[in-house]
Structures are given as structure tokens and as C-alpha cells.
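What follows is the residue order along each chain.
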Amino acid sequence: MSAFAPPGVPRPGNANQVRPQPQQQAPNYDPNAMVESMQNMSLNRPPSTLAGSAARSSPFGQPPPFPSPSPSPAYPGGSQPMSRSGPPPPGILARPTMPPSTAAQATFPPNVAPGRPTAPSASHAPPFGYRPPAGSLPSSVGAQTGVSPRAPISGAFPGGPVTTPAAPPAARPAFASAPFATGPMGPPTGPPSAPVNNGPPTFAHGGVAGGPRFAPPGGPVAQQLPVAPPPTDQVPRGPSMRSLMASPSVSSPLAPPMQSSSSFSRAPQAMPPPPPSPFAAQPWSMRSEQMPPPPPVPGPPQPPRLFGMPPPLSNQSMTAISPAMASSGPSLGGPSKIDPNQIPRPIPSSTVTLHETRQGNQANQPPPATSDYIVRDTGNCSPRFMRCTINQIPCTADLLTTSGMQLALLVQPLALPHPSEEPIQVVDFGESGPIRCSRCKGYINPFMKFIDQGRRFICNLCGFTDETPRDYICNLGPDGRRRDADERPELCRGTVEFVASKEYMIREPMPAVYFFLIDVSMNALQTGGTAAACSAINQVISDLPEGPRTMVGIATFDSTIHFYNLKRALQQPLMLIVPDIQDVYTPLQSDVIVQLSECRQHLELLLESIPSMFQNNKIAESAFGAAVNAAFLAMKSTGGKLLVFQSVLPSVGIGALSAREAEGRTNITSGEKEAHKLLQPADKTLKTMAIEFAEYQVCVDVFLTTQSYIDIASISVVPRTTGGQVYYYHPFSALSDPAKLYNDLRWNITRPQGFEAVMRVRCSQGIQVQEYHGNFCKRIPTDIDLPGIDCDKTVMVTLKHDDKLQDGSECAFQCALLYTTVYGQRRIRITTLSLPCTSMLTNLFRAADLDAQFTCLLKQAASEIPSSPLSQVRELVTNLCINILLSYRKFCATVSSSGQLILPEALKLLPLYTLALIKGTGLRNDGKIDDRSFWVNYVSSVSTPLAIPLVYPRMIPIHDLNSREDDGSIVPAVIPLSSEHVTDEGIYLLENGDDALIYVGNSVDPDILSKLFGTSSVEEIPTQFVLQQYENPLSKKLNEVVNEIRRQRCSYLRLRICKKGDPSGMLFFSYLIEDKNSGGLSYVEFLVHVHRQIQMKMS
């Protein structure tokens, strides 16, 4: 195997520049399957196989500009794992040195009907609700790739700064059925005639695969706005405010009253607002004529708008709130004359925005992360993959400090695209590998400038001039661009995927290994955790990747560890017990992990029998640390995914923990002195183990099915260090939680993902990476190691200045991710973003990205919680918000009256989100330690679209679903998080992307209760609630709403019933953050507080 080529060595000749192609997928992939199954969704039966369905037209409005070549017979499901010398790999079209004059004629394998795309994108998640027929994936896929002993991957980059090329999300053949699929889930809910249990609903192709996670449901829309990129200066975040409160002498509100029909009126000068996510593949015709160019951002600042002034120019927007306190004086407790209906709130919309990333050689400001948009990559990457907190880069560190804002990137390299977006193109440069800058190792991208008739190019990251490889030279056009730029994805797209050459590998790509580790201690068996885990694993086996490269293993544990020999030659699985939990070992290493095709029957038999085998187990102890370490030893030679199901506090063996929480009293509240130390790991044992796991490419996911304290602060160290995830079911219910456990496990293994990844972000001169934040292991300063990376994981990259930037120039950021797909292909995913630099503070506020700014603030708060008292973290968060608004008031709105609270238009929801964070699970005093630890862990890798609903949930009324007007959206219009909007006669659903509460008022019409819950009184609704579908329109609509939200969030939300007057009702009202409660001020009071603080600092 060839070694890494040092900088500056001659590049091997490459006569064939290959034509890019979309990433391969299963031959039977049908992108339209989702549209039909979405319309015919049946929650009560599994989706039917679509293998024999007729050919359908492509869901994309037009074919990709890069023709898709015919796949190789040897590799119908994906391209070869690596490039080889000689002719180009099968399935990849050799590119002539001159631009081709005609598109390649695609051919189809015999089992694919003409008209079906054979190679969907690397980033396209396959359709849900569809399973390929048995045997559709030839056994030859991946057969040439053996398993070699595995050493730490860091050795792959000898000498000098490590380069981190990027690779695509693992292209799965097709999801065997929906990630939230129907099927027997947990205990049956009754005889066949009883109401059908709404277990995992069936999702269609556009569902989870494409959706932004927080698509605010669209209420009635006053007017249909044109599909166009948002203006560069405005973000549709709430009513565009004028003075909402007058000075004491003014008796009437200065702003026009809101429309009575809804408290979410359209902003007068707003652009298309954030749309929701009903994703069906629509034939968007992406023509540039549809999109008027946005107004240019640079320009002289405009004076702030005051009451009575003419409307502002289009590039200056702000919100002015004039606090007029009542005559009782300036006391905060006094009644305020702010109209609660007029303060800024998120505006839901059902409009889909078409976003071109660049226009007229200028970066377009991205739409809000929580909106529904379709991206057309015209040079900059999609904001789904990389989003900057400010879309213009300050020229100096002083200017950034003055603004009070954060400068950071939120990178989600494998994010799910919208189904209507073009696939990411795959380019193979052959043995020579992708073209790179010889100084900084940056990858070729649309912003590298070719000079000297194309014979040299200037790196946009470090400014170094390189020779163009001879076989890559092309003449320049009159505009200075290469004549073939629009035909080469790497020269015209912000996101592209390169096939990794041998220099990026020190061994064969690893196989797809899945090892399941199940707690069988007494408590796990009695609560149903063991049975739920075995049932879920048994059902997802069919969703694991097909082919000889997929390997599985299984073990159980209590105070000892039990491995199982699954070799086909045995009559039945053989249990092998490891009693030593201090110095663990793995018996018969070669037989503990075997090919799935060899052991499927044994594995299914074993999973069915485990709950009965251990049903009389009286051992209460759990050797979690020892079991995880033993499983790692079995996986050490290959790497892979370790999925652990744990039910009790680990109490014996390596890494044993004590019930720290109960040392003073049960569920010690976090408001007490030193309580934050309970949010730190108990010791370094598990951290040391986790670093070794990451070194050998083992990614650990932990599913906690518990009813008591389990010390998530200590356990979560392992998933966080290895690129994994914690799933938390507390208190675990054997009735209602198995369905969620199954769906979480299924999405975990079927979502687009990759193994043994390395990532690095490079910046233009003048800016450098300060720190990475997320779930990874970091062994050298410049790179992060990700044993597992998937479409849900986000890494925050904070930036700092190391030099002054030039006003009017552009600053570029490039993320490179090198990793292995589940089919053993080594790929490099390159994501490039180029933004203008500015020396004007007003431009920074105009170009601020609210969602990214707040997500950055949220992640910083979460990282502070384990090391600081909560009161300090709350103060820190509040001050960060106040300092941003103070800077705007002081330097950009100097003409305004001091009696007005002036909010920049782009950040006018920042006070609302800040208040929501302060009063949320992470920062309120009355939470349980494990709940807070889980929240901190969840936030560390949460994506931008899910960060907003996590702190500011979505609340909708569900008692009047039948009576509301049909506006085309499934989910009703949201209502503000205030008790003023909650009545005793109503039923409300509140969801935050991870959990959902259904609040039932005391005086609900018995007829509505009967239709939705099958009972005539609130008291009869069971606490352990499972949503049923009854034979009436209201019940069907509620099920549709719940399933649509689950699809948008890529999460099977737990549903909990909340009733007025008991603790569950208090839990519901604690989420109504606009009200005053024990957790803090009301929204109106918080705005007054922020204004006072600004006034004090100004004076």
C-alpha cells in the first residue's frame, strides 16, 4: 500500500480526469416511492415492497448537469472502495481532457427499469418505507476488501500537518422500511378488534430523508410570496416592530394592532418567512430568472427608524420597543404597557424558499435554519452543511469584540438534503488523488483563481501559487474563469465528494461491524428493558447493510459478561462466560464477531430466547465498564459500532459508580452549592477507556432504559469521545417506550453515516480555528477523530483573528472530512464557504444569523454547566445577549430615544430565545441531575435546526383539528408559549424535537375526549399513554399531525399526558416560557430588564 505523498513530490500522471457522478445507491432505489406512500400512509400495516412498481419520472425538476454514467456490473450498489491504477474504476466515467460535447448515454442493469435514477447522491438518504428484494445486492459488493488488523488511524498522516479529506455519508442500499416503521412494537394493545396501536409510523421518501428538523407549521398565509432568496439583510423572525410601548405621556400603543385572527402577523417589510417541512419531492424548476438578485449588503448605514419616521431603506431593519412603565413607578414588578401580542415572536409559514448560495459573484445570506428551503449550490456550500454565525466577516478582532457577537461555524458535513436538491457529485482523480495546494493542503474549489492561461492557480486559503498538473490545464475564458469550470463540480460547487486515493489509506477500509451489548441484570429484566432491547435488535437486523462486509456480535452482562459463539456450524449459539470483571478478556475472538449472512438465524433465535434465559436472574449488579471494555477487545481488530443497552447504575468491575446523587438525599437539586460537580464524570476511568476506543475506531452508542439515577455524567463520556450518542428513556415504561427504543435504534443504523473519519477546517489568511466543540476525540491540535459520523451530528468550530482582513475581499472556510462508507469506500467530502469581509458594524448586525448565533450561545452554556454554578451560567448567557443589543444600540442606533429598546431586525428574537434557555431544563434549579446531564450531552452535538425547538418548543392546539381551515399544512399553526393561550376547554401538544407533552384541560368536551382517547373523563386517561387511532376524523388527524412532526424531527417523540392540578400539569406549564414562574421573569419583564441594563451601561 502506498505511503502518504509528502508535499511537493511530482504528481503521478493522470491521463483520465474522470467525470463526476452522483454517489451510488441500490439499483432498486425509487425516489418517488415516498410521495405515493406518503399519500397512502397506513399507520397500521408495514409498507409494501415497491420492487415491482413501474418506472416513474425523476423527482428533480431537471437532470443534474453532470451526466450519470452506467454502473459497473461488479459494483451495482456503489463504486469501488478505492481508486486503482490503469483504467478508471467501474461505474465512473473517464473524462476526456477537453470538455465533452454530449452527455453520456446511461445504461441500466437488467433489474432496473429505465427511468429510475441508478445513482442517487451520496448525501441523499434512501427512501423510507421501502425494502429491496432479497438478493438484490450482489454478493460481489465489497468482496475484494478483506479485514486487516487495525491500528490507530492517526498513522495515516505521516509528517506535517494532517490533512483531512472528506468523504460522503455512507450510501445505504435503501432503508428496509421507514426509520419509524410499522410493525409489532412492544406489547399488543388488545385483540384485533381493539383500536390499533400507533407504533412507529410509516414514512415516505421525502420524510426524514430531506426535512429540516424544525419546520414551523404554517398557519393561514396572508399572501403567497415569490420563491426567491431572502434579502441579504432581513430574517423573517417575527412581527416587524415599531415602538411597542410609548413613553409615559403617550396613552395609546404606537404600533398598529395585530390581526385578530392570529398573533403571528406577517412582517410588513419581511421576505419569504421560514416554511415548514412537508417534504414531498416536488418538480422545482430551478431557473435563475425566478430569483431576483438580493439588494447588495455593503453601503452606508441608515439612521434607525423612529416612530413617525418614513419606512427604512431595504438594507436597514430594526425593532424599536419603548418601555412605558405604569404610574406605579419603574419597579420591575409594576404592570407594563407592552402589548404581549406585539412583541417579537417566531413567524411560522408554509412557503418553501429556493436559495441560491451565490448570485452575481456575491454570497447570498442563507434562509433561517428552522425554515423549509431548497438549496441550489452555485459556488458556496448549502447552509445545511456549514453555516456561519455572521454572513459577513469582520475585518478586525476589535470590530468583532465591539459587536459582542460570536464568530463560529456550525458544520454538519453529512446533513440530510431536501429531496428536491441536486445530488452531491462524486469526482475521481485516479491514483494522483484530488488537486490540492502544496502549502496549506487546501482542496481545489470554486474560489481558487487560475492564472497564466490556466497553467498556475492561486490558493484562496493561503494565497500560494501552484503549478496546475499538466493533465488538468484548461484555457481561460474572457471572464478569467476556466472554460470547463461549469462542467467540473469541484470548480463550480461548494460541496463535492472525492474518491480517496491510496495515499489516504494505511490499510483496507474497515468492514461494517455492529456489536450489541445487553444488560440482563435483575432490574433490567423486571422493568422490561431487556425484552425491549432484544425485540428492537431482532427487528433491525434486516436493516443492516447487505453483503459479506457486514459483521455482527452480541453479548449480555450482569455482574459477569456472557459472549455468544454464533458460528453457523454450531447447532445453537454457545454462551461463553467471562467472570473476571477487573481484568477482562475476550474468549474465542475470531468467533465472537461473524458475518451477518452466516449467523442471521442463530442471532434471531438467541434474541428471542435471552429474556426467558435470564428471567429468574437475581443478580442486581451491573458491570457496565467491564462489559464495554470486553466488547471493545472483540472489536479492536476491526473497529465498528458498539450499541449498549443499560438499565441500572454500573456498580461493579472497571469503572464502577456510586449513587452520588443520593449521598445527601435523593435527587439533590442543582441549585445547591457544589451541585454542579455531580455533572462531571466521577473519575477518569471511562474517559481513558473511551480514548482507546476512539484510537481503534470503535463508536459507542448507549441506550439507557432506566427508572432511577444512572449517572449519565460519567457514562456519557464514552459516547461523546467516540462520536456516539446517548439515548435516555426515563422513567422507562415497558408499555409506551419500546416503540421509541426500536425507532431510535433503527434510525441510528440506517441514517447516512460513515466510519473511521478525520475532519479538519481550514480558513483564509487572517482567520484561524480556535476550538472544536462536539462528540469526537482530539489527539492533535488541527484535526478531530470521529470513529462514527452521521447526518445528525454537528461540530461547532469557533474562529479568531490572527491578522487584519481587507475590506471588500472574501474570506473562505473549507471543511474536509475523510471517512469510510458502510460499503467500504474511502471518500473525502469537501465543503467550502466564501463570505465577504466588512469593516462596518452595521453590516455585521445586518448579516447576523440568529439561529447560528443562538446555537453557538446554547453550546457554550452547555459546556459551562458542569464546571460553574447555574446562577453564574444564567448570568453569563443574559450578559452575552445584553452586550450584543447594547453594541447595536450604542453604535448603530444612536439617533433613537433612550426610552426605546432597539433590537436589530436579524436578532430581534435573541431575547426570547435567551429567556427560554435560562428557564429550560439545562439551567433551571429544580431539575434532576441525570436530566441535566442528558441535556448537556444532547446539546453538545445538536444541529442548528433542532437547537431552536429544544429551548423554544412548538405548541399547537389539537382539540379543534376538525374545525380549522385547510391551508395545505398537516400541522396546525403554532401558538405562543403563554398560559393566556391555554384554556381549560382545550387539548394542546407541545414538542421540542425530542419529547412531546399532551396537556388536557379540566373542562374538555367529553365527546372530544372519547374521540381522541377513548374515555369520557380526563381522570380515566392512563398515565402511561400510547396514542391510538380510532375510527373518527379527529383521531385520524391527530395521528397525522404526530406522524408529521416525528418525520420532520427524525425522531419518534415520546408522548406524555399532562393534567391540570398534578405534577405533570406543572411540568407542562414550566415550558410556557413567556409566563412568569419560579424559573424566572416573564417575556415582557425580561425585555424591560434587558432595556434597563442597556440604559445603565449607556449612562
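Residues numbered from 1 in each chain as written. Predicted model: local features only at pLDDT ≥ 70, side-chain atom pairs only at ≥ 80, totals over all residues. Heavy atoms only, no water.

Here we look at the packing of aromatic side chains
Tallying each qualifying case throughout the model produces 19 aromatic pairs. Here F515 and F563 contribute two aromatic rings whose centre-to-centre distance is 6.3 Å and whose plane-to-plane angle is 65°, an arrangement assigned as edge-to-face. Of the two residues, F515 is situated in strand β18 (residues 512–519) and F563 in strand β20 (residues 561–565); the sequence distance between them amounts to 48 residues. Relative accessible area serves as the criterion here: at 0%, F515 is assigned to the buried category. (Phe/Tyr/Trp six-rings, centres within 6.5 Å; stacked < 30°, edge-to-face > 60°. Helix = DSSP H or I, 4+ residues; strand = E, 2+ residues; numbered from the N terminus. Buried < 20%, exposed > 50% of the residue type's maximum accessible area, 1.4 Å probe, protein only.)

Notes on a nonpolar patch on the surface
A cluster of nonpolar side chains, namely M575, I577 and M613, defines an oily patch on the protein surface of about 260 Å² accessible area. Within the secondary structure layout, I577 lies in strand β21 (residues 574–578). (Patch = residues over 30% accessible without salt bridge, like charges linked within 9 Å, V, L, I, M, F, W, Y side chains within 5 Å. Areas by Shrake-Rupley, 256 points an atom, 1.4 Å probe, with all protein chains shown as cover. Salt bridge = Lys/Arg side-chain N within 4 Å of Asp/Glu carboxyl O.)

Describing the sheet that holds strand β12 (residues 408–411)
The strand order across the open sheet built from 4 strands is β10-β12-β29-β27, with neighbouring strands paired in antiparallel fashion. Looking along the sheet, the strands with just one partner apiece sit at the ends: β10 (386–388) and β27 (767–773). Each strand of the sheet is rotated relative to its neighbour by a mean of 25°, with strand direction disregarded. (Pairing = 2+ DSSP bridges. Axes fitted to C-alpha atoms, helices over the stretch in contact; angles between N-to-C directions.)

Topic: the packing of helix α15 (residues 850–864) against helix α19 (residues 944–951)
Here α15 crosses α19 at 70°, and the two axes come no closer than 9 Å. It follows that α15 is roughly perpendicular to α19 by the angle criterion. In the crossing of α15 with α19, the sense of the turn from one axis to the other is left-handed. Counted together, D851, A852, F854, T855 and L858 of α15 and T944, A947, I948, L950 and V951 of α19 form the full contact between these two elements. For the contact of α15 with α19, the residue count by class is 7 nonpolar, 2 polar and 1 charged. (Parallel < 35°, antiparallel > 145°, perpendicular 65-115°, else oblique. Left-handed = near helix turned anticlockwise from the far one by under 90°. Contact = heavy atoms within 4.5 Å. Nonpolar A, V, L, I, M, F, W, Y, C, P; charged D, E, K, R; others polar.)

Here we look at the pattern of salt bridges
Tallied over the entire structure, the rule returns 37 salt bridges. We note a salt bridge from R488 to E490, for which the minimum N-O separation is 3.8 Å. Since its relative accessible area comes to 0%, E490 is described here as buried. Taking the shortest distance from any N to any O, the salt bridge between R829 and E497 comes out at 2.9 Å. Highlighted residues: R829 in strand β31 (residues 826–838) and E497 in strand β17 (residues 495–499), separated in sequence by 332 residues. Residue class for R829 comes out buried when judged on its relative accessible area of 0%.

Section: the side chain of R493
Relative to the assigned elements, R493 resides in the loop between α4 (489–492) and β17. Within the local environment of R493, its side chain forms a polar contact with the side chain of E422, the two groups lying 3.4 Å apart. (Polar contact = N/O pair within 3.5 Å; in protein donor to acceptor, adjacent residues only side chain to side chain.)

Some words on the sheet that holds strand β33 (residues 954–957)
Here 4 strands make up an open sheet; going across it, the order is β33-β34-β35-β37 and the pairing mixed. The open sheet has two edge strands with one neighbour each: β33 and β37 (1054–1059). Neighbour-to-neighbour, the strand axes of the sheet open up by a mean angle of 20°, direction not taken into account. Where strand β34 (residues 987–991) and strand β35 (residues 995–1000) come together, 5 bridges link them in antiparallel fashion. The residue bridging I987 from the neighbouring strand is V1000, located in β35. Each of β33, β34 and β37 touches helix α21 (residues 1033–1049); the most contacted strand, β33, lies at about 165° to it.

Focus: the pairing of β17
A regular strand places its side chains so that they alternate between the two faces of the sheet. Among the 5 residues in β17, 5 count as buried, and that is most of the element. Burial of β17 is two-sided: the residues T495, E497 and V499 facing one way and the residues V496 and F498 facing the other way are all buried. Relative to β17, strand β13 (residues 425–427) is paired through 2 bridges, and the arrangement is parallel. From the neighbouring strand, V427 faces β17, where its bridge partner is F498. In this structure, β17 lies alongside β31, joined through 5 bridges in antiparallel fashion. Looking at β31, one finds that V499 is bridged to R827.

Description of the environment of D802
Structurally, the position occupied by D802 is in the loop between β29 (795–801) and β30 (810–820). As for D802 and Q768, which are separated by 34 residues in sequence, their C-alpha atoms are 6.7 Å apart. Residues within four places of D802 in sequence aside, it is in contact with G766, I767 and Q768. At a separation of 3.3 Å, a polar atom in the side chain of D802 contacts the side chain of Q768.

Here's the deal with the side chain of H801
Its place among the elements puts H801 in strand β29. Taking relative accessible area as the criterion, H801 reaches 14% and is therefore assigned buried. There is a polar contact of 2.7 Å between the side chain of H801 and the backbone oxygen of P394. Sequence-distant contacts of H801, defined by excluding residues within four places in its chain, comprise P394, C395, T396, A397, L400, L407, G766 and I767.

With respect to the confidence of the model for the protein chain
Averaged over the protein chain, the pLDDT score is 76; the fraction of residues at 70 or greater is 68%. Long-range and interchain partners of residues 324–336, a stretch whose pLDDT sits below 50, account for 26 contacts in this model, where long-range means more than four residues apart. In the model, residues 664–668 has pLDDT below 50 throughout and makes 7 contacts with residues more than four positions away in sequence or in other chains. (pLDDT = per-residue confidence, 0-100.)

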